[in-house]
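A closer look at the structure
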Amino acid sequence: MEKRFHTAALAAVVAQAFVAGGAEAEIGSDAPIRLALNEWTGQHITTRLAGETMKKLGYDVEYVTAGYIPQVQGIMDGNITATLEIWEMTIQEHFARAVDSGGAVDLGDSGVVSSEGWIYPPYMEEVCPGLPDWEALKSCAQALATPETFPNGRLLDYPADWGPDNDERIKALGLPLVAIPAGSEGAAAAEYKAAVAAERPILMMFYGPHWLFSEQDPQWVDLPESTDACYDDPSWGSNPDAVKDCGWPTGWVRKLAWSGTKETWPDAYAFLDAYQVTNEIQEALMMQIDVDGIPEDEAISAWMDANSDIWQRWISDAGLTIN
């Protein structure tokens, strides 16, 4: 962020507070706080609920569309203030690099409890006897084949810019599969629904929380349990010559901010540091937006109107108050 933001921070605009239980919110710089929007609905929900709550505190908030991996450099450069839902197993190295550089700070847990792995519809257990055991995929991969993967089966993977590593896992596990990136999270969910409607075989990399688990009945493939050794000791697991011959851990989902945030907007930093959303909030809003077709802005606005007790608690958890 430019030096003028630091200069502006000296002329703090104080928001008068009338709600008991915290300090008056000091706006700090009047420069906009830029929050990254990534490619999936849950992240939009996490981000927009925080942003709309910060507007209640008097901040100028802008939402910036950013690629999942490129956003990290944007934060380090100060062009993005914060990103509020990043997942350990798809960004771990980039996250550590940003924090170690001094250009970014770890804002802690987002509140989201994650699950990641390969999912399939229940009828796949007839096509691929032995599921959910991962080794069943060795003998039924051709049922998952497409013209671009034949004779190997297709694993519909995360979008490429999410940084998936399924090509490494597939190789390590010795499976006759090819990871093909989805165009987007929405496209992947739509393809999964279409496959279920037609009862076509499908195997997909996916995550929870997500509305798909409420509307459909996806099953998880039982991959070898994730351990630290799986990632750094080739002798661990079924393949003595490779790492990543396992599934995914229940990793962290964290927040990351530009290192100048605390100096420029002290109370906004306190809010972002304390802010946490829940799976239940996310999934309910996902259903409205992605399934019921309610526009995102409308769904978020209605939630804010109906849940003032929750967003006011987020503010008080940061030790702040609003008008």
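Up top is the structure these notes are about.
Analysis parameters
Residues numbered from 1 in each chain as written. Predicted model: local features only at pLDDT ≥ 70, side-chain atom pairs only at ≥ 80, totals over all residues. Heavy atoms only, no water. Helix = DSSP H or I, 4+ residues; strand = E, 2+ residues; numbered from the N terminus. Rg over C-alpha atoms; globule rule 2.2 N^0.38 Å. Buried < 20%, exposed > 50% of the residue type's maximum accessible area, 1.4 Å probe, protein only. Contact = heavy atoms within 4.5 Å. Salt bridge = Lys/Arg side-chain N within 4 Å of Asp/Glu carboxyl O.

With that out of the way, let us pick up the overall build of the protein. If you tally the helices and strands in the protein, you get 15 helices and twelve strands. For 323 residues, the compact-globule estimate of 2.2 N^0.38 gives 20 Å, and the protein sits close to it at 22 Å. Taking all 323 residues of the protein together, 51% fall into the buried category. Counting only contacts in the protein whose residues sit at least 6 apart along the sequence, the fraction spanning at least 24 positions is 70%.

Glycine aside, the phi torsion of most residues is negative, and most peptide linkages are trans. With an omega dihedral of 20 degrees, the bond running from Leu131 to Pro132 counts as a cis peptide bond. Secondary-structure assignment places Pro132 in the loop between helix H5 (124–127) and helix H6 (137–140). For the peptide bond that leads from Phe150 to Pro151, omega is 10 degrees, which places it in the cis range. Relative to the assigned elements, Pro151 resides in the loop between H6 and strand S7 (153–157). At Lys244, a residue that is not glycine, the phi angle is positive and equals roughly 70 degrees. By the secondary structure assignment, Lys244 is in the loop between helix H10 (228–232) and strand S11 (253–258).

This brings us to the pattern of salt bridges. In the structure shown here, the tally under the stated rule is eleven salt bridges. With its nearest N and O atoms 3.3 Å apart, the salt bridge here joins Glu62 to Arg34. Here Arg34 lies in strand S2 (residues 33–37) and Glu62 lies in strand S3 (residues 61–65), a separation of 28 residues in the sequence. Judged by its relative accessible area of 32%, Glu62 falls in the partly exposed class. Linking Lys244 and Glu168 is a salt bridge whose minimum nitrogen-to-oxygen distance equals 3.4 Å. Of the two residues, Lys244 sits in the loop between H10 and S11 while Glu168 sits in helix H7 (residues 166–173), which places them 76 residues apart along the sequence. Each of the salt bridges in this network shares a partner with another, and the network as a whole consists of Asp165, Glu168, Arg169 and Lys244.

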